[in-house]
Amino acid sequence: MSREVVCRASPSLALVKYWGKKPGRGNRPATPSLAVTLGGITTETRVRLAPAHGHTDTVVLNGQTQPPERFRPFFESLRRRVRRRSSAQGDLPFFDVDSRNDFPSAAGLASSSSGFAALALGCSRAAGLELSVRELSALARLGSASAARSLFGGFTLLPAGGRSARQLHPPQHWPELRILVVVVSEQAKPISSRRAMEATRGSSPYYRAWLRDAAALLPRALEALRRRDLEALGEAALVSYSRMHAAMIAAGPPVLYWLPGTVAAIHECRRLRAEGIGAWETLDAGPQVKILCLAPDVAAIAERLRRLPELGPSVRLLEARPGEGPVCGVTGE
Ligand code: ADP
Ligand code: DP6
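A quick note: this is a predicted structure, and the numbers were derived from the prediction, not measured.

Chemist: Explain the pairing of strand 1 (residues 4-9) to me, please; I cannot follow it from the model alone.
Modeler: The two faces of the sheet receive side chains in turn, since in a regular strand these alternate between them. Burial of strand 1 is extensive: five of the six residues sit out of reach of the surface. For strand 1 and strand 14 (residues 327-331), the ladder comprises five bridges, and the chain directions are antiparallel. If you follow valine 5 over to strand 14, its bridge partner there is valine 330. By the bridge criterion, five bridges tie strand 1 to strand 4 (residues 43-49) in an arrangement that is antiparallel. For alanine 9, the partnering residue across the bridge sits in strand 4 and is threonine 43.

Chemist: I would appreciate a short explanation of the side chain of serine 185 in the present structure.
Modeler: Counting through the fold element by element, serine 185 comes out in the loop between strand 10 (177-183) and helix 5 (193-203). One polar contact links the side chain of serine 185 to the main-chain amide nitrogen of glutamine 187, over a distance of 3.1 Å. With sequence-adjacent residues up to four places away left out, serine 185 is seen in contact with Leu259, Pro287 and Gln288.

Chemist: When you look at the site of ligand 2 in this model, what are you seeing that I'm missing?
Modeler: Around ligand 2 there are 19 residues in total, and Tyr18, Lys21, Ser144, Ala145 and Ser146 lie nearest to it. Measuring from an oxygen atom of ligand 2, one finds a side-chain N or O atom of tyrosine 18 at 2.7 Å. Side-chain polar atom of serine 146 to an oxygen atom of ligand 2: 2.7 Å apart, as the coordinates give it. Look at ligand 2: alone it shows 450 Å² of surface, and the protein chains cover 97% of it. With respect to the detected pockets, ligand 2 is housed in the largest pocket.

About the cut-offs
Residues numbered from 1 in each chain as written. Chains lettered and ligands numbered in written order. Predicted model: local features only at pLDDT ≥ 70, side-chain atom pairs only at ≥ 80, totals over all residues. Heavy atoms only, no water. Buried < 20%, exposed > 50% of the residue type's maximum accessible area, 1.4 Å probe, protein only. Helix = DSSP H or I, 4+ residues; strand = E, 2+ residues; numbered from the N terminus. Pairing = 2+ DSSP bridges. Polar contact = N/O pair within 3.5 Å; in protein donor to acceptor, adjacent residues only side chain to side chain. Contact = heavy atoms within 4.5 Å. Near = heavy atom within 4 Å. Areas by Shrake-Rupley, 256 points an atom, 1.4 Å probe, with all protein chains shown as cover. 1 Å grid on protein atoms, 1.4 Å probe; cavity = no way out; pocket = protein on both sides within 12 Å on 5 of 7 lines; lining within 4 Å. Sits in = over half its atoms within 2 Å of the grid points.

None of this, on its own, says anything about what the molecule does.
Set out below in structure tokens:
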């Protein structure tokens, strides 16, 4: 049996959003992002070295071979690291990757974050590279900037222009926090986060204002998180996603991910808050709604969502909590 590395990682949900890139190459974020790693939602990635002298990397996601362009900067950077660290002049490694997400992919649930985090860990292990978690975070960032955060558990920060993310608090900082994910649509989204972000930068007159405001919002959110103040953190998260979407909707042509179920869930959260139940929604690049709340309120919030005609009793709800960072194992040795 040949050697296989198996890694699991969870998506990183931004409370303060990354949206937009610094000019130039290297996939550096233009805004700081503050996030929580979603324990209970998982990507599982299996990596083998490609047969000797094979010169292609193959990534299969949920049974479908992925277009290679998206993965090229990641694999090339990984091979540069292998070359730098090894004295031997042997063949550089290529990779066969098989990955599965237990949640909808490319649909606004941050699959690229857990996907590239698991890939960075799995491929570096398969190549025999011992990288620090900061180096892994920088490598994952080349695939997807949000993935830099998924290398860590708990609550994470990726600064504007940052090369890597870091952990601010472990998951145990806030054990009662829950994130209820409302799967409004199982479909892949019509436009990827990357293209939508570029469209916003290139054509939204609000893009500059978004950048200025995003930086100003961060200290408030950090302090709220430090104090475990759901209301203050929820308010900051609300402002962050609303302004990010306002900038997107102002692009030409507009980027609009919202569906009727999205809007219905947003209004239900407002009603719940008016009744004194802490239900603070946030949205990413997709129609899904993620609700920050506390463990004792999950059942009541879920029941109210199921009653909405736009969602219905069978709507898929995923309950996540602050989770651990990725784990990895090796089989066939
Ligand atoms: P999402 O909202 O799910 O993050 P994105 O458009 O940002 O959507 O990213 C989706 C892309 O991320 C996929 O098209 C694929 O290229 C990559 N991706 C998602 N899941 C994985 C995975 N498990 N392994 C490798 N790449 C993945
Ligand atoms: C709305 O990290 O998917 O989820 O770096 O181009 O891969 P790329 O973008 P990606 O964008 C995430 C955007 C977001 C907010 C966030 O996660 O911070």
